[in-house]
Amino acid sequence: MPRAIRERACPLFDRGAVIARGDRIMFEKTIGFVGAGRIARILLGGWERAGLEFPAVVAADVDGAALQRLPRCGGRLQTLQGDNSVAAQQDVVFVAVHPPAMAEALPALAGSLRQNAVVVSLAPKVKLTKLAELAGGFNRFARAIPNAPSLVGQGFNPLAFGDELSAADRGLLRRLFEPLGAAPEVEERTLEIYAVITAMGPTYLWPQLAELVEQAKSFGLAPADALHAVGRMAA
């Protein structure tokens, strides 16, 4: 199955809260993931590929196999099965659970969140106001709808920010998402549209592109030429 058309990671144009170290870039905030499924793998894999490193990365999930599949983040990844509290204590916390699981996950996290943490929900449907309600009044939330090409720096990851996030908080998240591709700020009401079009789109598009590659090969093109042709067509 074809991956992204141009396999390169986007550079960090505004380094702000990052420090360059050779060909690696150290982000000065710790990262937590509550939920270690597909989207956590995509984000961590994209940052790893782009050369972004963190002082600490903590991921928690009830599924030990899911934790084992996560990129190792330069050896800094700590995984915890069935215990979300440490992941919730990081500077930037990604809540990567399905929408129905939010009602259970967020109340359980509320007591562990730092007062100045930035929490990013990766779930569609659950609004910012509902997130704050579930978290017992904690309201430093953003929402993001990432997509799979983020793994190779070609993602489209719209962001919506809660009112309590400062300009510095918003800039922090933009710098965090920049290596993964485009990260436009959008109105929250549009996120569900993006979830259908840009997040789910690759699920349906990539198999069709893969089939075009196979068809081109069956017609006589060399595999590399078939892949290149379909890639250029879809660029």
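Refer to the structure presented above.
These figures come from a predicted structure and were not determined experimentally. (Residues numbered from 1 in each chain as written. Predicted model: local features only at pLDDT ≥ 70, side-chain atom pairs only at ≥ 80, totals over all residues. Heavy atoms only, no water.)

S.K.: Can you help me understand the overall build of the protein chain in this one?
M.R.: Helices and strands together make up the secondary structure of the protein chain, namely 9 helices and 12 strands. Against the 2.2 N^0.38 benchmark of 18 Å for 235 residues, the protein chain shows a C-alpha radius of gyration of 18 Å, consistent with a compact globule. C-alpha atoms of the protein chain, sized along the principal axes, occupy 60 × 40 × 35 Å. Partitioning the intrachain contacts of the protein chain with sequence separation of at least 6 by distance along the chain shows that 66% fall at a separation of at least 24. Carbon together with sulfur atoms contributes 54% to the accessible area of the protein chain, which is approximately 11300 Å² in total. On the protein chain, the mean spot of the 25 positive side-chain charges and the mean spot of the 23 negative ones are 3 Å from each other. (Helix = DSSP H or I, 4+ residues; strand = E, 2+ residues; numbered from the N terminus. Rg over C-alpha atoms; globule rule 2.2 N^0.38 Å. Contact = heavy atoms within 4.5 Å. Areas by Shrake-Rupley, 256 points an atom, 1.4 Å probe, with all protein chains shown as cover. Lys, Arg positive; Asp, Glu negative; His and termini not counted. Charge placed at Lys NZ, Arg CZ, Asp CG, Glu CD.)

S.K.: Hey, could you run me through helix 7 (residues 191-199) in this one?
M.R.: One full turn of an α-helix is made of 3.6 residues, so residues set three or four places apart face in the same direction. Taken together, the buried positions of helix 7 are occupied by L191, A195, T198 and A199. With its buried residues spanning 110° around the axis, helix 7 presents them on a single face. For helix 7, the exposed residues lying more than 90 degrees away from the buried face are I193, V196 and I197. Tucked into the core, helix 7 has its buried residues touching strand 9 (141-144), strand 10 (155-156), strand 11 (159-161) and helix 8 (201-218). (Buried < 20%, exposed > 50% of the residue type's maximum accessible area, 1.4 Å probe, protein only. Arc of directions from axis to C-beta.)

S.K.: I keep staring at the sheet that holds strand 6 (residues 77-81) and nothing clicks. Help me out?
M.R.: Consider a sheet: its strands pair through backbone hydrogen bonds, and that pairing is either parallel or antiparallel. Strand order across the open sheet formed by 7 strands is 6-5-3-7-8-9-11, with mixed pairing between neighbours. Edge positions in the sheet fall to strand 6 and strand 11, since each of these pairs with one other strand and no more. When the angles between neighbouring strand axes are averaged without regard to direction, this sheet yields 20°. Sheet strands in contact with helix 4 (residues 99-109) are strand 3 (31-34), strand 7 (92-95), strand 8 (118-121) and strand 9, and its direction is about 155° off that of strand 7. (Pairing = 2+ DSSP bridges. Axes fitted to C-alpha atoms, helices over the stretch in contact; angles between N-to-C directions.)

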